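Structure assessment
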Amino acid sequence: MSGGGVWIYAFWILLVAGVDLVQSYYSEDQCSWRGSGLSQQQGSVEQISLHCSEGTLDWLYPKGALRLTLSPRLPSVAVGPGGSSSGLITACVKPSEQFHGAQLYLERDGVLELLVGDRLESSPPPRVRCFSRLPGERVALFMQATPHQDISRRIASFRYELRGDWTARLSLDSNPISNEDACRPCNNTEILMAVCTSDFVVRGNIRSVEEDENLRAAVIKVSATRVFRQKYALFTGNSRLTSQGEIRTLLQCGVKPGPGSFLFTGRVHFGEAWLGCAPRYKDFQQAYIIAKAAQQIPCELPVD
């Protein structure tokens with residue numbers, strides 16, 4: 001940790017030791033929290049505990065500090081598209097574009113790591129940050145207000161998501177995973193499992209691919225000829241035969257538009273579709289038929 005990090009950590013220890021008032025607050029659904037620093041005493045740390053897999057935190061007029069514990073009621077075995085179940089929990093936070101007035105840290109076993117710094121007016125929007133937690137590991141989020149003469153326009157807010165180990169193939173963080181892990185094609189076992197566990201399963205064609213440099217992502221424009229399943233309204237349209245939608249994947253995967261029909265699967269991440277397994281539809285058909293004949297399919301899908 002840098003010298004600045006050591007100073008912050010020391011300040012955190014002193015802050016906790018000198019707390020005069022510790023408050024606890026739960027939202028009605030225990031998923032989100034909204035509060036104001038104006039109600040906090042100087043030098044206090046407000047303790048917050050949320051118990052959902054996704055939600056929001058809005059801290060108006062930040063003053064003092066918040067300590068947020070995320071304890072989602074996830075299934076005891078978190079299974080990813082590849083069928084693995086390591087017990088690993090991956091969390092991501094997405095700061096609002098107007099995140100101001102505080103710094104957000106990951107607290108892991110008593111050590112702080114800066115996730116989101118206080119923004120200047122001219123700074124670019126902060127990136128999504130992700131981290132993983134092993135079973136039994138003590139992890140929390142710590143938000144520290146930064147001193148400002150005028151706090152009336154300061155709001156520190158973010159969305160969070162917690163999932164099982166399916167995010168092993170997805171990284172929006174500043175520490176990208178390797179091209180090999182992020183972009184390798186799924187094998188037949190992973191494809192068949194993705195059909196059962198993904199947030200969306202869609203047959204369609206690639207209309208175009210655009211680059212989003214801010215997200216470091218490729219945006220795949222898809223014409224869906226059949227929507228087998230979608231958790232949210234991702235693929236919509238007026239036509240009875242086709243729907244339109246967008247799927248994102250990492251830039252380094254080098255996705256290009258081309259002919260042919262694909263089976264797109266993946267997860268919804270902060271309201272956006274992110275690509276998981278995407279075999280050519282004819283290859284999926286072949287794998288599905290062989291597995292079904294051997295009674296080795298994890299779930300049924302009405303294939304053509």
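The paragraphs below set out a description of the structure included in this document. Note that the structure is predicted; figures quoted are calculated from it, not measured. (Residues numbered from 1 in each chain as written. Predicted model: local features only at pLDDT ≥ 70, side-chain atom pairs only at ≥ 80, totals over all residues. Heavy atoms only, no water.)

Here the focus is the pattern of salt bridges. Taken as a whole and assessed by the stated rule, the structure comprises eight salt bridges. Residue Arg248 pairs with Glu246 through a salt bridge whose shortest N-O separation is 3.5 Å. Its relative accessible area of 31% is what places Glu246 among the partly exposed residues. Between Arg248 and Glu272 there is a salt bridge, with the nearest N and O atoms lying 3.8 Å from each other. Taken together, the residues Arg248 in strand 14 (residues 243–250) and Glu272 in strand 16 (residues 272–275) connect sequence positions 24 residues apart. Assessed through its relative accessible area of 12%, Arg248 is described here as buried. Residue classification places Glu272 among the partly exposed positions, given a relative accessible area of 22%. Within this structure, Lys221, Glu246, Arg248 and Glu272 form a network of salt bridges that share partners. (Salt bridge = Lys/Arg side-chain N within 4 Å of Asp/Glu carboxyl O. Buried < 20%, exposed > 50% of the residue type's maximum accessible area, 1.4 Å probe, protein only. Helix = DSSP H or I, 4+ residues; strand = E, 2+ residues; numbered from the N terminus.)

Membership of the largest hydrophobic core comes to 28 residues, with the highest contact counts inside it found for Leu57, Trp59, Leu104, Leu141, Met143, Phe158 and Tyr160. Broken down by secondary-structure element, the contributors of at least two residues to this core are strand 3 (45–50), strand 4 (54–60), strand 5 (65–70), strand 6 (89–95), strand 7 (102–108), strand 8 (111–116), strand 10 (139–145) and strand 11 (155–163). Leave out the neighbours within four places in its chain, and Leu104 touches Val93, Phe99, Glu113, Leu114, Leu115, Val116, Leu141, Phe142, Met143 and Phe158. Judged by nonpolar contacts, the second largest core, of 15 residues, contains Ile191, Leu192, Val201 and Tyr288. (Core = buried A, V, L, I, M, F, W, Y, C linked by side-chain atoms within 4.5 Å. Contact = heavy atoms within 4.5 Å.)

With that out of the way, let us pick up the state of the cysteines. All told, the structure shown has five disulfides when counted by the stated rule. Here Cys92 connects covalently by a disulfide to Cys130, the sulfurs 2.1 Å from one another. Between Cys92 and Cys130, the S-S torsion sits near 105°, and that sign places the bridge as right-handed. In this pair, Cys92 sits in strand 6 while Cys130 sits in strand 9 (residues 129–133), placing the two residues 38 residues apart along the sequence. Assigned by exposure class, Cys92 and Cys130 land together as buried. Here the disulfide map of the protein chain reads 1-2, 3-4, 5-8, 6-9, 7-10, the bonded cysteines being numbered as they appear in the sequence. (Disulfide = S-S within 2.5 Å.)

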